[in-house]
Structures are given as structure tokens and as C-alpha cells.
Amino acid sequence: KDGSSVLLTANVTDGNAPATDIQEYNGAKDGLPMMFGGIVAAENNDLYFIGGSPSIPSSIYKWNVESKDTASILACSSGLTFPDEMISVPKQVEFPTTL
């Protein structure tokens, strides 16, 4: 509801068997940016992806699934940044209806 992306991973040990050990990773608590996509897996449980937030321009990140340290920015589309308090982050609003 806050607009954050969620990453789901699954351990597939047998190509014919169902996925096992499904893990969910969510936003800042797991070291990920608010929004991300275009994920590519690499060696040593590293993931590379494009991500950002309302206050951080689109960037290329590297993140390790095991350590869950904060994703590191490898390249950024702009050097321009804004303080978080200057950015209005969208939030879901619900209104009661008669339907």
C-alpha cells in the first residue's frame, strides 16, 4: 500500500518439482530501494537491478540476498538529489462507498 516493491525468491532444486523455500524481501527493512525491477542474478547470491525512490533518481544497484546489507548504487542517472522532507511520497487513500 505504500508503493514499495516486493521481491519474492524461490529455491528450485529440481526443475520438475515445485518451488520450495520461498522468501519475501520488502523495501528498506531488507536494504532495498523503494522501487526496483529488471533484476539479474549473479554469482555469490548477488542481484543487479534498476531502482530508485521519489527522492533518488533511477540507479543501477547491487544487492546480496544473504547479507541483506543496504543495496549499493553502482551508477546513477543523475547527480541531482533532494532531501527526503522535500518530496511528497504518494500514499494510497481509501474512501468508503455505497457499492
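Relevant structure appears above.
Structure report, in brief.

Cut-offs used in this document
Residues numbered from 1 in each chain as written. Predicted model: local features only at pLDDT ≥ 70, side-chain atom pairs only at ≥ 80, totals over all residues. Heavy atoms only, no water. Pairing = 2+ DSSP bridges. Helix = DSSP H or I, 4+ residues; strand = E, 2+ residues; numbered from the N terminus. Axes fitted to C-alpha atoms, helices over the stretch in contact; angles between N-to-C directions. Core = buried A, V, L, I, M, F, W, Y, C linked by side-chain atoms within 4.5 Å. Buried < 20%, exposed > 50% of the residue type's maximum accessible area, 1.4 Å probe, protein only. Contact = heavy atoms within 4.5 Å.

**Quick notes on the sheet that holds strand β5 (residues 56-64)**
Spatial ordering of the open sheet is given by β3-β4-β5-β6, a layout of four strands whose pairing is antiparallel. Both outer strands of the open sheet, β3 (35-41) and β6 (72-76), are each paired with one neighbouring strand and no more. Averaged over all adjacent pairs, the angle separating strand axes in this sheet is 25°, with direction ignored. Judged from the seven bridges that link them, strand β4 (residues 46-53) and β5 form a sheet pairing that is antiparallel. Looking at the pairing, Phe 49 lines up with Tyr 61 of β5.

**Overview of the nonpolar core**
Core analysis: the biggest nonpolar cluster contains ten residues, these being Leu 7, Tyr 25, Leu 32, Phe 36, Leu 47, Phe 49, Tyr 61, Trp 63, Val 65 and Ala 71. Listed by contribution, the elements that provide at least two residues to this core are β4 and β5. Contact partners of Phe 36, with chain neighbours within four places excluded, come to Ser 5, Val 6, Leu 7, Phe 49, Ile 50 and Gly 51.

**As for the pairing of β3**
Direction of pairing for β3 relative to β4: antiparallel, over a ladder of five bridges. By the bridge assignment for β4, Ala 41 is matched with Leu 47. In textbook terms, the turn of a hairpin is the stretch between consecutive antiparallel strands, and for β3 and β4 this stretch comprises four residues, one of which, Asn 44, has a positive phi near 60°.

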